[in-house]
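Residue strings, one per chain:
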Protein chains: 2
Amino acid sequence: MQEAGSRGADERAPLKVALLGCGTVGSQVYRLLTEQSADLRARAGAPLEIAGVAVQAPDRPRHVPVDPQLLTTDGMALVTRPDVDIVIELIGGIEPARSLLLAALSAGKSVVTANKALVAADRAVLHKTARQAGADLYYEAAVAGAIPLLRALRESLAGDEVRRVLGIVNGTTNFILDRMDASGADFSAALAEAQALGYAEADPTADVAGFDAASKAAILASIAFHTEVTADDVYREGILSVTAADIASARAMGCVVKLLAICERSNGGISARVHPAMIPRTHPLAAVREAYNAVFVEAESAGRLMFYGAGAGGQPTASAVLGDTVAIARNLLAGLRGPDSSTYAQLPLVPIGEARTSYYVQLDVVDRPGVLAPVADAFAQQGVSIKAVRQEGRGEDANLIIMTHSAREAALAKTVAVLGAMEAVRNVDSVMRVEALEDE
Amino acid sequence: MQEAGSRGADERAPLKVALLGCGTVGSQVYRLLTEQSADLRARAGAPLEIAGVAVQAPDRPRHVPVDPQLLTTDGMALVTRPDVDIVIELIGGIEPARSLLLAALSAGKSVVTANKALVAADRAVLHKTARQAGADLYYEAAVAGAIPLLRALRESLAGDEVRRVLGIVNGTTNFILDRMDASGADFSAALAEAQALGYAEADPTADVAGFDAASKAAILASIAFHTEVTADDVYREGILSVTAADIASARAMGCVVKLLAICERSNGGISARVHPAMIPRTHPLAAVREAYNAVFVEAESAGRLMFYGAGAGGQPTASAVLGDTVAIARNLLAGLRGPDSSTYAQLPLVPIGEARTSYYVQLDVVDRPGVLAPVADAFAQQGVSIKAVRQEGRGEDANLIIMTHSAREAALAKTVAVLGAMEAVRNVDSVMRVEALEDE
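> In this structure, what is going on with the overall build of chain A? I would like to understand it.
When you go through chain A residue by residue, the secondary structure sums to 14 helices and 17 strands. Taken over C-alpha atoms, the radius of gyration comes to 25 Å for chain A, in line with the 22 Å a tight globule of 440 residues would show. Here chain A holds 440 residues, and 55% of them are scored as buried. Counted over contacts in chain A with a minimum sequence separation of 6, partners at least 24 positions apart contribute 74%.

> Can you walk me through the sheet that holds strand E5 (residues 110-113) of chain B in this structure?
Backbone-to-backbone hydrogen bonds join strands into a sheet, with any given pair of strands oriented parallel or antiparallel. All names here are of chain B. In space, the six strands of this open sheet follow the order E3-E2-E1-E4-E5-E6, with parallel pairing throughout. Across the chains shown, the open sheet's two edge strands, defined by having one partner strand only, are strand E3 (71-72) and strand E6 (137-138). Pairing between strand E2 (residues 48-54) and E3: two bridges, direction parallel. From the neighbouring strand, valine 53 faces E3, where its bridge partner is leucine 71. Contacts from helix H12 (residues 314-334) reach strand E1 (15-20), E2, strand E4 (86-89), E5 and E6 within the one sheet, and its direction differs from that of E5 by about 170°.

> Sorry if this is basic, but what is going on with the pairing of strand E10 (residues 269-280) of chain A here?
As a general feature of sheets, a regular strand has side chains that alternate between the two faces. Residues and elements named next belong to chain A. Extensive coverage of E10 is indicated by the burial of ten of its twelve residues. Of the pairings in the sheet, the one linking strand E8 (residues 235-236) to E10 comprises two bridges and is parallel in character. Looking at E10, one finds that tyrosine 235 is bridged to arginine 273. Sheet analysis places strand E9 (residues 255-266) next to E10, joined by twelve bridges and oriented antiparallel. Note on E10: the bridge partner recorded for valine 257 is methionine 278.

> Mind showing me how you'd approach the domain arrangement of chain A here?
Much of the literature gives interface size as the accessible area that the parts lose upon coming together. Residues and elements named next belong to chain A. By the assigned domains, chain A splits into domain 1 (9-146 + 315-334), domain 2 (153-309) and domain 3 (353-434). Here the C-alpha centre of domain 3 lies 25 Å away from the C-alpha centre of domain 2. Each side of the interface is counted separately: domain 2 has twelve residues, and domain 3 has ten residues. Taken together, the elements giving at least two residues each to the side of domain 2 that touches domain 3 come down to helix H11 (244-252), E9 and E10. Ranked by residues supplied to the side of domain 2 that touches domain 3, first place goes to E10 with six residues. A per-class count over the side of domain 2 that touches domain 3 returns five nonpolar, five polar and two charged.

> Hey, could you run me through the relation of the copies chain B and chain A in this one?
A rotation about some axis, followed by a shift along it, carries one copy of the chain onto the other. When chain B is fitted to chain A, the best match, at an RMSD of 0.0 Å, comes from turning it 180° and sliding it 0.0 Å along the axis. One copy is carried onto the other by what is essentially a two-fold rotation axis. It is phenylalanine 307 of chain B whose C-alpha, among those of chain B, lies nearest the rotation axis, at 2.4 Å.

> What am I meant to see in the packing of helix H13 (residues 372-381) of chain A against helix H14 (residues 409-420) of chain A here?
Residue and element names in this part refer to chain A. At a minimum axis separation of 8 Å, H13 and H14 run at an interaxial angle of 150°. Judged by the inter-axis angle, H13 sits roughly antiparallel to H14. The interaxial crossing formed by H13 with H14 has right-handed handedness. For the pair formed by H13 and H14, the contact residues are Val375, Ala378 and Phe379 on the first element and Thr415, Val418 and Leu419 on the second. Partitioning the contact of H13 with H14 into residue classes produces five nonpolar, one polar and no charged.

> I would appreciate a short explanation of the pairing of strand E13 (residues 356-365) of chain A in the present structure.
Residues and elements named next belong to chain A. With seven of ten residues buried, E13 lies mostly within the body of the structure. Relative to strand E16 (residues 407-408), E13 runs antiparallel, the two sharing two bridges. Each residue of the ladder has a partner; that of threonine 357, found in E16, is alanine 407. Strand direction decides the pairing type here: E13 and strand E17 (residues 425-434), joined by eight bridges, are antiparallel. Along E17, the bridge assignment pairs serine 358 with valine 434. Pairing geometry for E13 and strand E15 (residues 399-404), over five bridges, is antiparallel. The residue bridging aspartate 364 from the neighbouring strand is asparagine 399, located in E15.

> Where do I start with the environment of alanine 327 of chain B in this structure?
With respect to the helices and strands, the residue alanine 327 of chain B is situated in helix H12. The class for alanine 327 of chain B is buried, based on 26 C-beta atoms found within 10 Å. For the pair alanine 327 of chain B and glutamine 346 of chain B, spaced 19 residues apart in the sequence, the C-alpha separation amounts to 27 Å. In this structure alanine 327 of chain B touches Glu155 and Ala158 of chain A together with Tyr138 and Gly338 of chain B, once residues within four positions along its chain are discounted.

> Where do I start with the interface of chain B and chain A in this structure?
Every contact between the two is made by 56 residues of chain B and, on the other side, 56 residues of chain A. At the level of secondary structure, the elements contributing two or more residues to the side of chain B that touches chain A comprise helix H2 (37-44), helix H6 (150-156), strand E12 (303-310) and H12 of chain B. Here the side of chain B that touches chain A gets twelve residues from one element, more than from any other, and that element is H12 of chain B. Its residues assigned to classes, the side of chain B that touches chain A comprises 32 nonpolar, 15 polar and nine charged. In this structure, strand E12 (residues 303-310) of chain A lies alongside E12 of chain B, joined through three bridges in antiparallel fashion. Within E12 of chain B, the position partnered with phenylalanine 307 of chain A by the bridge is phenylalanine 307 of chain B.

> What is the right way to read the packing of helix H7 (residues 171-183) of chain A against helix H8 (residues 187-196) of chain A from this model?
Two quantities define a packed helix pair, namely the angle between the helix axes and the distance between the axes. All names here are of chain A. Running from N to C, H7 and H8 cross one another at 125°; their axes reach a closest spacing of 9 Å. The angle between H7 and H8 falls in the class oblique. Judged by the twist between their axes, the crossing of H7 over H8 is right-handed. From H7, Thr172, Phe175, Ile176, Arg179 and Met180 reach across to H8, where they touch Phe187, Ala190, Leu191, Glu193 and Ala194. Within the contact of H7 with H8, the residues separate by chemical class into seven nonpolar, one polar and two charged.

About the cut-offs
Residues numbered from 1 in each chain as written. Chains lettered and ligands numbered in written order. Predicted model: local features only at pLDDT ≥ 70, side-chain atom pairs only at ≥ 80, totals over all residues. Helix = DSSP H or I, 4+ residues; strand = E, 2+ residues; numbered from the N terminus. Rg over C-alpha atoms; globule rule 2.2 N^0.38 Å. Buried ≥ 20, exposed ≤ 12 C-beta atoms within 10 Å, placed from the backbone. Contact = placed C-beta atoms within 7 Å. Pairing = 2+ DSSP bridges. Axes fitted to C-alpha atoms, helices over the stretch in contact; angles between N-to-C directions. Domains from an automatic or database assignment. Nonpolar A, V, L, I, M, F, W, Y, C, P; charged D, E, K, R; others polar. Least-squares fit on C-alpha atoms with pLDDT ≥ 70 in both. Parallel < 35°, antiparallel > 145°, perpendicular 65-115°, else oblique. Left-handed = near helix turned anticlockwise from the far one by under 90°.

This is how it looks when you write it as C-alpha cells:
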C-alpha cells in the first residue's frame, strides 16, 4: 500500500489558501483542510496550506480550534497577499464579500465561494473579473449544499439540452411544509418547530419569503440555459400564505405542497420562478422530507435526472467547498483555468404572466343549483381549460374545487379576478399552481 | 440575442471526432453531433466535426441517416488518422475495442467510451497509455448512463471521504425485481416481460448474473476510494435465485429486494460486491422503479447523496458521451488535460468472507416445542447476533424467520451450514443480505 501523496505531491510547493469567515461552514473547512491534509495533498497534487483566516472578532469562541497566529481582521490585506493562491469566501451577503472577492480575483487569486446572494446578484462581473485576471471562480456550495449539481449542469450536460429544472433548494421551507403535511400544523407552529430545531433563523424572512430560493434559481437558470439571470429576474412568492387547508386540499388530491425553484424553457425564452406548488405524491420530489434538498432535471437526451442530498449545514457545505478547492488546485498545478461561464444563448426571460402551468382553485360558493355554469364560463372566457371539478360540502360550507389544464398565468389571474367579483362566489379560498403533472 | 457561437468559436478550426460503432447509442451520438452542432460549437469552443464512423456492416440500415461517405469498416485506420482529435468508442466488449482505444490513445487521441466491461477490466492500462501520450480518457456513460456520477465522485467529492456507495446500476435486473415485487410474478415470468419490452436481451446472462453490475461496481470503487479495482475483484451474485417467496418475505418485513452494487470502506480496506439484498422500503433506493438507476453515496462530510436517472438507452447514454466530448474539446482548446485517475490510496480489497452486513434467514423447521433454542445456539456459536425472530405457520409449514445484526459473511455462512445439518431444520429456504438498515 502506497503512502498518500506518493505520486510526487510532496515535492510541489504548497498552495496557500485564504479563508474568509470562520463560522459554521468556515470552521468545518478549516478542520478538514487540517485533518485531511494528506488525502487532500494527494488529490490536489500539492499540499493545501492555510495562509490566514479573516474574521470579525478574533477572540470569539470557534466550533474548532483555530491557530491564533492565522487569524486576522483585515480580509482585504489577506486576499491580496502575494503568497495567497486560493481565496475561500464563507462570509455570505453582498458586502464586504463582493469587494473582497473582486479584489482577490483582480489580483489573480482563484476563488471558491458558497455565497448564493452574491453570485446571484453579481455573477457576470465576478466571472468577467476572473477571466481578465486568468483566475478560477467556483461556487458549487452556493446551490443545494453538498449536492454536486452545478458541475453536473455545466459539464456533464454540456452536450445536452436542459428543458426544465425543478428544485427543492431551501431546507428551511421544506422542513416547514413537511411538518405541516405530516402533522397538520399551521405555518406558524411549523415555523416555531423549525426555529427550535435550528432549521430556521430567528428572522426567517430570507427563507420563508423565497429570497434564498430565488438566488439559487437565478444561478441554476444561468447555468442550465447559458443565459445571465440575476435574482431580481426571478419571480418570487414565499410560503407565508400557505395554509393548513391548502396542505389538506393537496393531500386530498394525492399531492404535496413544496416550495419549488422552477427554471424552464418557455415560448422561446426561459421562465425562472419560485413559489409554492402542489406536486403529485408519486413524483420523486414529493418524497424529499425534512430539510433535505433535491433537484429534478429534465433534459432532451438524458431524460429525467434527480440529485438529492443535504442542502445546508457546515459539513455538507464544506464538502462542496473542498471539492471546488481541489479542482482549482489541480488547475493551478496544470497551469490552466476551469470552465468559464457560458452565456452564449442569452435567452429572453418570459414575464410571469406568460408562464404556463396548471392551477388548483378553491371557491366558497353559495349553495344553489346552477352555480357551476357561470363559474365554468369565467374560466372559458379567459381560455383556461378545466380538467376536473369537485363540489364539496353543502349550505354555508359549499366549496367548488377546480383543477385546470396548463394555462397562462395572466389568464388564470384574470379568471380569479372575475370569479372574485361574481355574486355566486362568496370567496376565492385558495389558488395554487400545480406542477410536474405527468400529462401536462 | 446573440447567435450561438458568437464568442469566436467559428474562427477556431474544427475538432475532428471519430465514431466507433453506430448502433443504439452511436446513432444517437451521430444525430446530436449533427443536429446540435451550433450549440455544441458554442459550448465546446470550436466546431465538432465527424471525421468518420467505423462500423462492421456499412450497408446495414441505421436508426438515423448517416452520410455514407463517413462510413468505414477500418476502425484502426480511422482512429490513427492524423486529423482525428477525439475518438468515441461505442462498440462495447473487450476486443476489438481495447486494441482500437490503445492505438488511439498511443497516437495522442483523446477518448470517450461507454464501455464498462473494458474500463472495468483495463482501466489502469488505458489511463497509463493516455497519460503517457498526453491524451484525455473519459467514461461517464460507462456507469449509470446519463447520471453524472463519475464526475461527481471524482471532482465534487474530491475534498471529502466517501464511506459507501450503494447503487442500482443495472436497469434490466431492477425492472425484473420491480415486476416481481409489483405483481408477485416469479423470476422467469418477469424476465419474459422484460424481454418482450426490450429491457432484457435474448441472452440476459450479463445482466441477470450480475456481470454488468460488477463492472460498474469496479469502476465506482476505483474512483470513490482512489484504488485500482477490476471486475474480477468484485464478489458477484446475480438474481437468478431470487424467488417470489423471497420478494414476499421482504415485503412482509417492510423491505424490497434490489440488486445492489456495494462499495464500502471495511476494516481498513474496501469491500466491493454485487448481490441481491433486502433494503427498507423507506430508503430512497427502494423507490427506484422499473429500469431506472440510482446511486446512493455516503460521504464523511457531504452526508447522504443520491443520484437518480435513466441508466441506459441510446439517448441518455449519448447525453453522457457528449458531455465528456465537450469536456475534452474544452481541454484540447485550452491545451490541457482533464483529471487523471487517482489511485494513490491503493486500499486492500476485503474478501467477501470478511464483509459485514445483516442477514435474513428463513428456515423450514419441524413443528415441535424447543426448536428455537438449538437454532439460536447455532447463531451464537459463530458470534452472529440475532436481532429478531418470527415463527410462521404450523405443522408441515412451520417456518422460522431470523434477522441478524451486522455480522461477518464467513460467520453467517458457517451458521447456515450448521443449520442445514440440524435434525430440527428440514431446509434452509432462504438466506438474503439486508443492507442500508438505519441502525447498523
